[in-house]
Amino acid sequence: MKNRILSLYDWFLIVGVIASNIIYSVLSGNIDIIGSVAGIAGVLCVVLVAKGSIWNYAFGIVNVSMYAYISFKAGIYGDAALNALYYVPMQFIGYRQWRKRGAAVSESESLGEGVQVKARRFNQKQRVMLALGCALAVLVCGFILKYFDDPQPFKDSTTTILSIVAQALMALAFMEQWILWIITNVVSVVMWCICVSRGEAHAAVMVIMWTFYLLNSINGLRVWLRLSERSGAK
């Protein structure tokens, strides 16, 4: 199935995040170029991930680079380190892995096999092990960040650990990434709302970005359930 055309819902997310950033800029009287570009690139990235399109990595590298800078300025050091030291190199690793699993940059290059990545999924035992491993890692990381005076240690830990695992599952084309992304996005919205209340720079546009991430991750789970069934979940 060759499906590169964005759905109406995809366009809602893309147009919605652009419009939200414009409205915020007008109402606040502050044009946040860095935050807006990061947010728009991020939504374009995750929309394309949900579609199984390898083009997500082009927008991903822009988003994670800018988000690392924004997180560092806000004192959310776990997210800053995550993006700079992990997400950036994972864009290149993920691109290579998706190419191996059938994703192509054009329909002609795919030789009739389709441009979407061939998704797969865990069995029940693997999901239980994934949940237990993530929970333990979140607790350990949370106490470490608390020791270093992170203002939101366990929220920061949750988004950091789950994002690390979800990004790896994304590169390996596992459907379960979307369950972790949904949790990460909910916690991130809460975390950046707290930053807004503290007057942190770029925080408001980050709330907008993560809200649209959340909407996309719910749709991504739906799409990848279908993709993993189609490919036989291998």
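Residues numbered from 1 in each chain as written. Predicted model: local features only at pLDDT ≥ 70, side-chain atom pairs only at ≥ 80, totals over all residues. Heavy atoms only, no water.

1. Description of the side chain of Glu-176
Definition in use: Think of it this way: any DSSP run of H or I at least four residues long counts as a helix, any run of E at least two long counts as a strand, and we number them from the N terminus. Three labels apply to residues, based on accessible area from a 1.4 Å probe with only protein chains included: buried if under 20% of the type maximum, exposed if over 50%, partly exposed otherwise in between. Identification of polar contacts relies on pairs of N or O atoms within 3.5 Å, with a donor-acceptor requirement for protein atoms, meaning one able to donate a hydrogen and the other able to accept it, and with residues adjacent in sequence counted only if both atoms are side-chain atoms.
Structurally, Glu-176 can be placed in the loop between helix H6 (153-171) and helix H7 (177-197). The buried category is assigned to Glu-176, whose relative accessible area is 1%. Separated by 2.8 Å, the side chains of Glu-176 and Arg-127 make a polar contact.

2. Brief notes about empty space enclosed by the protein
Note the cut-off: Within this scheme a cavity is a closed region of a 1 Å grid, computed over the protein atoms alone, that accommodates a 1.4 Å probe without allowing it to escape, whereas a pocket is open but has protein on both sides within 12 Å along at least five of seven lines; lining residues each have an atom within 4 Å of a point. Grid points are joined across faces, edges and corners, and a volume is the space filled by probe spheres set on the points. Note that Gly is not counted as nonpolar here; it falls among the polar residues with everything else outside the nonpolar set of Ala, Val, Leu, Ile, Met, Phe, Trp, Tyr, Cys and Pro and the charged set of Asp, Glu, Lys and Arg.
Tallied over the full model, the rule gives one cavity of 30 Å³ or more. Size it by volume and the largest cavity reaches roughly 310 Å³. Forming the boundary of the largest cavity are 26 residues, of which Val-46, Asn-63, Tyr-87, Trp-181 and Tyr-213 lie nearest the centre. Broken down by secondary-structure element, the contributors of at least two residues to the lining of the largest cavity are helix H2 (33-50), helix H3 (56-73), helix H4 (77-100), H6, H7 and helix H8 (203-230). Residue composition of the lining of the largest cavity, grouped by class: 12 nonpolar, 13 polar and one charged.

3. Some words on the packing of aromatic side chains
Threshold: We call Phe, Tyr and Trp rings a pair once their centres come within 6.5 Å, taking the six-membered ring for Trp, and we label the pair stacked below 30 degrees between planes, edge-to-face above 60, and tilted otherwise.
A complete count under the given rule lists 13 aromatic pairs for this structure. For the ring pair Tyr-57 and Trp-98, a centre distance of 5.6 Å and an interplane angle of 85° mean the geometry is edge-to-face. Taken together, the residues span a long stretch of sequence, with Tyr-57 in helix H3 and Trp-98 in helix H4 at a distance of 41 residues. Summarising the burial analysis for this pair, Tyr-57 and Trp-98 share the class buried. On the basis of an interplanar angle of 75° and a centroid distance of 4.9 Å, the ring pair of Trp-210 and Tyr-213 is categorised as edge-to-face. Of this pair, Trp-210 and Tyr-213 are both found in helix H8, three residues apart, which corresponds to roughly one turn of the helix. As far as the burial class goes, Trp-210 and Tyr-213 line up, both buried. Members of the aromatic cluster, each reached through a chain of ring pairs, are Tyr-57, Trp-98, Trp-178 and Trp-224.

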